[in-house]
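Commentary on secondary and tertiary structure
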Amino acid sequence: MADNSRPARPVILGQNQYGKAENRVVKITRDGATHHIKDLNVSVALSGDMDEVHYSGSNANVLPTDTTKNTVYAFAKEHGIESAEQFGIHLARHFVTSQEPIKTARIRIEEYAWERIEAADANSRFIGADEVKHSFVRKGQETRLTQITYDGERWEVVSGLKDLVVMNSTNSEFWGYVKDKYTTLKEAYDRILATQVSARWRFNWTDDDQRMPHWEKSYEQTKKHMLQAFAETYSLSLQQTLYQMGSRIIDNRGEIDEVRFSLPNKHHFLVDLEPFGLKNDNEVYFAADRPYGLIEATILRDGCEPRIPVDLTNL
């Protein structure tokens with residue numbers, strides 16, 4: 001007999017998820033007088049058997065988003081925050097294994113770095129320099145990112161950074177390009193190359209039987225190789241520099257199979273000083289914030305398939 005308890009629907013429910021976004025959690029670890037800071041912005045998205053809450057409003061399978069928020073803070077105490085990746089793994093595993101309707105958990109984390117403020121000296125009339133181990137200044141170089149996805153069997157960890165502004169004041173050229181009737185750009189044989197790096201890299205750690213990467217070391221070394229490649233490449237195009245940055249990471253970090261870059265070309269144009277009787281010998285530039293060239297590409301280990309989304313806007 002046909003089931004007529006629910007009328008036929010002209011529309012069906014597609015992909016759906018829910019959770020608590022942007023939970024700011026700051027964890028202070030007190031190692032005696034020496035303190036350590038982890039400052040995270042954690043977003044939780046859960047999906048699974050959630051059809052009924054959309055169709056009828058039944059919350060029988062819904063873990064409140066307020067509970068996910070509370071879990072973030074409780075886990076900061078219970079597990080500590082060794083790294084953004086490890087903290088995300090703890091959360092994702094908990095949601096999938098503790099709630100049967102939840103089949104997949106995605107944890108996105110932004111990490112804001114802090115560094116210690118150096119005190120004056122041990123003869124300070126206030127607190128001795130050897131005692132000041134609890135004062136910090138927020139680093140402004142970049143925001144560290146990670147996204148943890150877990151479906152109860154397999155993991156996907158994509159980490160990265162955004163807003164890392166870098167510049168080479170020389171060793172960059174741009175010439176030999178296509179020219180048509182609308183081309184006004186002059187060829188450059190010594191130019192400034194600057195960009196604001198947005199990068200994501202995917203780890204090949206996918207299940208608990210594999211050896212887990214050392215997340216903190218991996219981030220530090222990946223950033224180091226990225227910056228070294230930027231500095232050491234004599235650039236004929238930003239595309240060439242991007243490829244060298246990705247290649248250096250893949251060649252040196254065996255735990256990473258894929259890197260995706262989005263690099264805006266932060267143009268610096270020589271200012272025409274001739275109307276003032278002055279010669280501008282690659283000294284004075286106008287920094288234009290828009291419009292800007294946007295160079296994007298994925299660099300892969302040979303034999304690997306791309307999985308990082310082409311559009312990094314929401315990753």
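A few points on the structure. (Residues numbered from 1 in each chain as written. Predicted model: local features only at pLDDT ≥ 70, side-chain atom pairs only at ≥ 80, totals over all residues. Heavy atoms only, no water.)

1. Observations concerning the environment of N280
With respect to the helices and strands, the residue N280 is situated in the loop between strand 10 (268-270) and strand 11 (285-287). The residues contacting N280, other than those within four sequence positions of it, are L270, V271 and L273. Among the polar contacts listed, one links the side chain of N280 to the backbone oxygen of V271, at a separation of 2.8 Å. At a separation of 2.8 Å, a polar atom in the side chain of N280 contacts the main-chain carbonyl oxygen of V284. (Helix = DSSP H or I, 4+ residues; strand = E, 2+ residues; numbered from the N terminus. Contact = heavy atoms within 4.5 Å. Polar contact = N/O pair within 3.5 Å; in protein donor to acceptor, adjacent residues only side chain to side chain.)

2. Things to note about the packing of aromatic side chains
Enumeration over the complete set of coordinates arrives at 7 aromatic pairs. Seen in terms of ring centroids, F174 and Y177 are 4.8 Å apart; in terms of plane orientation they differ by 20°. Their pairing is stacked. Given the relative accessible area of 28%, F174 is considered partly exposed. Here W175 and Y189 contribute two aromatic rings whose centre-to-centre distance is 5.7 Å and whose plane-to-plane angle is 20°, an arrangement assigned as stacked. Taken together, the residues span a long stretch of sequence, with W175 in the loop between strand 7 (155-168) and strand 8 (193-203) and Y189 in the loop between strand 7 and strand 8 at a distance of 14 residues. Among the residues examined, Y189 registers a relative accessible area of 48% and is labelled partly exposed. We note R93 situated over the ring of Y150; from NZ or CZ to the ring centre the distance is 6.0 Å. When the ring centre of Y177 is taken as origin, the NZ or CZ atom of K179, which lies over that ring, is 4.6 Å away. (Phe/Tyr/Trp six-rings, centres within 6.5 Å; stacked < 30°, edge-to-face > 60°. Buried < 20%, exposed > 50% of the residue type's maximum accessible area, 1.4 Å probe, protein only. Lys NZ or Arg CZ within 6 Å of the ring centre and 35° of its normal.)

3. Quick word on the packing of helix 4 (residues 215-232) against helix 5 (residues 238-252)
Packed helices, taken two at a time, are described by the angle their axes make and the gap between the axes. Their axes nearest at 8 Å, the elements helix 4 and helix 5 cross at an angle of 140°. Taken as axis vectors, helix 4 and helix 5 run oblique relative to one another. For the element pair helix 4 and helix 5, the recorded crossing hand is right-handed. Here T222, H225, M226, Q228, A229, F230 and E232 of helix 4 lie close against helix 5, whose contacting residues are T241, Q244, M245, R248, I249 and N252. Taken together, the residues of the contact of helix 4 with helix 5 break down into 5 nonpolar, 6 polar and 2 charged. (Axes fitted to C-alpha atoms, helices over the stretch in contact; angles between N-to-C directions. Parallel < 35°, antiparallel > 145°, perpendicular 65-115°, else oblique. Left-handed = near helix turned anticlockwise from the far one by under 90°. Nonpolar A, V, L, I, M, F, W, Y, C, P; charged D, E, K, R; others polar.)

4. Re the pairing of strand 3 (residues 102-112)
Across 10 bridges, strand 2 (residues 34-48) lies against strand 3 in antiparallel orientation. Across the sheet, V44 pairs through a bridge with I107, a residue of strand 3. Two elements, strand 3 and strand 6 (residues 143-150), share 7 bridges in a ladder whose sense is antiparallel. Bridge assignment links E111 to a residue of strand 6, and that residue is R144. (Pairing = 2+ DSSP bridges.)

5. Quick look at the pattern of salt bridges
One pass over the structure, following the stated rule, counts 17 salt bridges. Residue R24 is joined to D39 by a salt bridge in which the shortest nitrogen-to-oxygen separation is 2.6 Å. Remark: D39 occurs in strand 2 and R24 occurs in strand 1 (residues 23-31); sequence separation between them is 15 residues. Shared partners join several salt bridges into a network, and the residues in it are K38, E85, E111, R144 and E216. (Salt bridge = Lys/Arg side-chain N within 4 Å of Asp/Glu carboxyl O.)

6. A word on unusual backbone geometry
Cis peptide bonds are those with omega within 30 degrees of zero, and the linkage from R290 to P291 qualifies with -5°. Mapped onto the fold, P291 is located in the loop between strand 11 and strand 12 (293-300). Non-glycine residue E22 carries a positive phi angle of around 55°. With respect to the helices and strands, E22 occurs in the segment before strand 1. Residue E22 is classed as exposed on the basis of its relative accessible area of 58%. Positive phi values are uncommon outside glycine, yet N282 reaches one of about 50°. Relative to the assigned elements, N282 resides in the loop between strand 10 and strand 11. The class for N282 is partly exposed, based on a relative accessible area of 32%.

7. Quick word on the sheet that holds strand 1
With respect to topology, 8 strands assemble into an open sheet ordered 1-2-3-6-7-8-9-12, the strand pairing being antiparallel. Each of the sheet's edge strands pairs with one partner strand only, and the pair in question is strand 1 and strand 12. Going from strand to strand, the sheet's axes swing by 20° on average, the running direction of each strand aside. Pairing analysis gives 8 bridges linking strand 6 to strand 7, with the strands arranged antiparallel. Along strand 7, the bridge assignment pairs T143 with K162. Across the sheet, helix 4 touches strand 2, strand 6, strand 7, strand 8 and strand 9 (256-265), and the angle it forms with strand 7 is around 35°. Packing against the sheet, helix 5 makes contact with strand 8, strand 9 and strand 12, and its axis sits at approximately 155° to strand 9.

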